[in-house]
Amino acid sequence: MSLVKSFFIALSNNTFLNEAAKSMGPSLGANKVVAGNTIEDVVNTIKRLNRKNIAVTVDNLGEFVNNKQDAIAAKDDILKVMDAIYQHNLDAHMSVKLSQLGAEFDKALAYDNIYEIVATAKSYNNMHINIDTEKYDSLFDITQTLDRLKSEFSNVGTVIQAYLYKGDVLIDKYPNLRLRLVKGAYKESPYIAYQTKEEIDENYIHLIEKRLLNAQNMTSIATHDHNIINHVKSFIETHDIDKSRVEFQMLYGFRSDLAESIANEGYNFTIYVPFGDDWFGYFMRRLAERPQNLTLAFKEFVKPKTLAILGLVGLTACLLPQTLSKKVKRKSTSQPNRLRCRTRL
Ligand SMILES: Cc1cc2nc3c(=O)[nH]c(=O)nc-3n(C[C@H](O)[C@H](O)[C@H](O)COP(=O)(O)OP(=O)(O)OC[C@H]3O[C@@H](n4cnc5c(N)ncnc54)[C@H](O)[C@@H]3O)c2cc1C
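Residues numbered from 1 in each chain as written. Predicted model: local features only at pLDDT ≥ 70, side-chain atom pairs only at ≥ 80, totals over all residues.

The name given to the protein in an unreviewed UniProt entry is proline dehydrogenase, and the organism recorded there is Staphylococcus canis. UniProt, in the comment section headed Catalytic activity (unreviewed entry), describes the protein in these words: "L-proline + a quinone = (S)-1-pyrroline-5-carboxylate + a quinol + H(+)". According to the UniProt record, the Pathway (unreviewed entry) comment for the protein reads "Amino-acid degradation; L-proline degradation into L-glutamate; L-glutamate from L-proline: step 1/2." (UniProt positions renumbered as here; feature names shortened; annotations may be inferred.)

Encoded structure:
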C-alpha cells in the first residue's frame, strides 16, 4: 500500500477525527462527494439528478456502529430517508450495509432491522433496497440474509465483487435478484480474491457478460472505468440485450460529465449518493482510493489554516495511532469496540 493511501486509510479509521468532523458537516472538499448532512440536502441533490434523467441510490452514512442504540438509530434514519423519497416521489432507492444495522455484534438485531427496512420499502411502491457488500468475512451474513428475505420480497438485492473467486458462484445463485456488479473495494487475501488489476478486470468482464446473458432482473454495472463501460455498451448492442434491464452506476461527484453523457445516450444511470454526519471516513477512503481526487479538495487544502490543521492532526493520527486510540478508549469505556478499525466503501 502506498504511503499516501496508508495515510488516508489511517485518517478514515480514526474515531477521534470521525467524531470531530461530525459537528462540521462535509468540508475540506468533501461536499463534492457527499451530498450534505440533512435529508433536505439529499432530497435536493436527488431532485437535481432526477432532472437530468439520473436515478439515485442513497447511502445514509454510518461508521463504527457497535451498540444496539446506534444500530436502531441507523435503521430509523434510513426509514426517514425512504419516507422522504416516497413523499417527494423521487426516482431513488437505498443502499444499506448490514454492519450499520448491527451485524458485527448482533446478527438477529441486524436481521430485524433489514427486515423492517425491506418491508417498509415494499409498501413504498416496492422501493428497491440494495445490501452493499463489505469485507469478505461478512459475505456469509449477507447471503444468508438475502436467502431469507428473497422468499418474501422481490425488492432486495446485493452487490457482487469481481475480485472474489466466488463471484461466479454468486452470479449463478441469484439470477432473479437485482444485482450490482463491482470490482471490489476491500483489501482481501490471495486465498479468496484476485490481486492484480488485470485479473480483476478480466473476471469483472467475464461476470458482467455471464450475468447479462442470463439475468432475469436489473443488472447494475458500477464502475468509473471507461474501458469497461465501453466494452459493456458494445456487448449490449452485439447481443441485443434489452437496455431496460441494465444500468450504469457511479459514485456521486465522480466523472459527472461521463455519467451525464451516458444517460443522454439513453442508458439507465444511477448515482450512489452518500450523505450524513459520518462523512469524514467515506471522504478519506475516496482520497485513498484515488489520490487524484485530492484536486477536489485542493481549494480548501491550500488555505494555510486548513492545511496546517489537517497536516498536524493527520500526522499525529498516522504516527501516534496508539496514543490517540488510547485517549478515545479511555473516554468511551462503555463502548469497548468503538476503536475497531476497518476499511469499507
Ligand atoms: C455505485 C458504486 C457502488 C459500489 N458499491 C460497492 C460495494 O457495495 N462493495 C464494494 O466492495 N465496492 C463497491 N464499489 C467500489 C468498487 O468495488 C471499486 O472499488 C471502485 O468503484 C473503483 O473501481 P472502478 O471500477 O471504478 O475503477 P478503477 O479500477 O478504480 O479505475 C479504472 C480506470 O478508470 C479510470 N477512472 C477511475 N476513476 C476515475 C475518475 N474519478 N476520474 C477519471 N478516471 C477515472 C482510470 O483510467 C482508472 O485507471 C462501488 C462502486 C460504485 C461506483
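Asker: How do you make sense of the overall build of the protein when you look at a structure like this?
Answerer: Helix and strand content of the protein: 14 helices and eight strands. Burial status across the protein gives 40% buried among its 345 residues. Pairs at least 24 residues apart make up 72% of the contacts formed inside the protein by residues separated by at least 6 positions. (Helix = DSSP H or I, 4+ residues; strand = E, 2+ residues; numbered from the N terminus. Buried ≥ 20, exposed ≤ 12 C-beta atoms within 10 Å, placed from the backbone. Contact = placed C-beta atoms within 7 Å.)

Asker: So what exactly am I meant to see when it comes to the site of the ligand here?
Answerer: Around the ligand, a shell composed of 21 residues is seen, among which Asp 132, Val 182, Ala 185, Thr 223 and His 224 lie nearest. Mapped by element, the contributors of at least two residues to the shell around the ligand are strand E4 (156-161) and strand E7 (246-251). In terms of residues, the shell around the ligand owes the most to one element, E7, which gives three residues. Each residue belonging to the shell around the ligand can be placed in one class, and the counts come to 10 nonpolar, six polar and five charged. (Near = placed C-beta within 6 Å. Nonpolar A, V, L, I, M, F, W, Y, C, P; charged D, E, K, R; others polar.)

Asker: Hey, could you run me through the nonpolar core in this one?
Answerer: In a soluble, globular protein the nonpolar side chains are often hidden away together inside. Ile 271, Val 273 and Phe 283 are the most contacted members of the largest nonpolar core, which totals 80 residues. If one sorts the elements of this core by residue count, helix H11 (residues 279-289) sits on top with seven residues. (Core = buried A, V, L, I, M, F, W, Y, C linked by C-beta atoms within 7 Å.)

Asker: Would you explain the sheet that holds E7 in this entry?
Answerer: Note: strands within a sheet are paired through backbone hydrogen bonds, in either parallel or antiparallel orientation. With parallel pairing, the eight strands of this closed barrel are ordered in space as E1-E2-E3-E4-E5-E6-E7-E8. Here the strands of the sheet are splayed against their neighbours by 30° on average, with no regard to which way each runs. Across three bridges, strand E5 (residues 179-182) lies against strand E6 (residues 219-222) in parallel orientation. Counterpart to Arg 180 in the pairing with E6 is Ser 220. Across the sheet, helix H4 (residues 68-87) lies against strand E1 (55-60) and strand E2 (92-96), angled at about 165° from E2, the strand it touches most. (Pairing = 2+ DSSP bridges. Axes fitted to C-alpha atoms, helices over the stretch in contact; angles between N-to-C directions.)

Asker: What's the story with the pairing of E4 in this structure? I'm lost.
Answerer: Moving residue by residue along a regular strand, the side chains alternate between the two faces of the sheet. Counted residue by residue, E4 has six buried out of six residues, so it is predominantly covered. The pairing of strand E3 (residues 129-131) with E4 spans three bridges and is parallel. Across the sheet, residue Ile 129 finds its bridge partner in E4, namely Val 156. Of the crossover connections in this fold, the one passing from E3 over helix H6 (residues 139-149) to the parallel E4 is right-handed. Of the strand pairs in this sheet, E4 and E5 are connected by four bridges, and their pairing is parallel. Within the sheet, the bridge partner assigned to Thr 158 lies in E5 and is Leu 179. Traced from E4 through helix H7 (residues 167-173) to E5, the parallel crossover comes out right-handed. (Right-handed = clockwise from strand over helix to strand, strands pointing away.)

Asker: Hey, could you run me through helix H8 (residues 197-214) in this one?
Answerer: Because each turn of an α-helix spans 3.6 residues, side chains separated by three or four positions end up pointing in the same direction. When the terminal C-alpha atoms of H8 are compared, their 26 Å separation across 18 residues agrees well with the 26 Å that a helix rising 1.5 Å per residue should span. Looking at H8, one finds that the buried residues are Asn 203, Tyr 204, Leu 207, Ile 208 and Arg 211. Down the axis of H8, the buried set is contained in an arc of 140°. They therefore lie on one face. Away from its buried face by more than 90 degrees, H8 exposes Glu 198 and Leu 213. Lining the buried residues of H8 we find E4, H7, E5, E6 and helix H9 (226-238). (Expected span 1.5 Å × (residues − 1). Arc of directions from axis to C-beta.)

Asker: What is the right way to look at the pairing of E1 in this model?
Answerer: For E1, the tally of buried residues reaches five of six residues, placing the bulk of the element in the interior. Pairing of E1 with strand E8 (residues 268-275), which is carried by six bridges, proceeds in the parallel orientation. Bridging across to E8, Asn 60 finds its partner in Phe 275. Pairing analysis gives three bridges linking E1 to E2, with the strands arranged parallel. Bridged to Val 58 within E2 is Met 94. Following the backbone out of E1, through H4 and into the adjacent parallel E2, one traces a crossover that is right-handed.

Asker: Looking at this structure, I do not really get the environment of Leu 164. What am I missing?
Answerer: Mapped onto the secondary structure, Leu 164 falls in the loop between E4 and H7. Residue Leu 164 is classed as buried on the basis of its C-beta count, with 21 C-beta atoms lying within 10 Å. C-alpha separation for the pair Leu 164 and Tyr 191, spaced 27 residues apart in sequence, amounts to 9.4 Å. With residues up to four places along the chain from it excluded, the contact list for Leu 164 reads Tyr 136, Gly 184, Ile 192 and Ala 193.

Asker: I keep staring at the packing of H4 against helix H5 (residues 107-123) and nothing clicks. Help me out?
Answerer: Between two packed helices, the angle of one axis relative to the other and the distance separating the axes together describe the packing. Packing of H4 against H5 brings their axes to within 10 Å, and their N-to-C directions diverge by 10°. Taken together, H4 and H5 sit at an angle that is classed as roughly parallel. Across the interface between the two elements, Lys 68, Ala 71, Lys 75, Ile 78, Leu 79 and Met 82 of H4 pack against Leu 109, Ala 110, Asn 113, Glu 116, Ile 117, Thr 120 and Ala 121 of H5. Grouping the amino acids of the contact of H4 with H5 by side-chain chemistry returns eight nonpolar, two polar and three charged. (Parallel < 35°, antiparallel > 145°, perpendicular 65-115°, else oblique.)

Asker: Is there a simple way to think about the confidence of the model for the protein in this case?
Answerer: Close inspection of predicted coordinates is inappropriate in any region flagged by low pLDDT. Chain-level pLDDT for the protein is 87 on average; 85% of the residues reach the 70-or-more range. For the stretch residues 322-342, pLDDT sits under 50, and the model shows 22 contacts to residues farther than four places along the chain or on other chains. (pLDDT = per-residue confidence, 0-100.)

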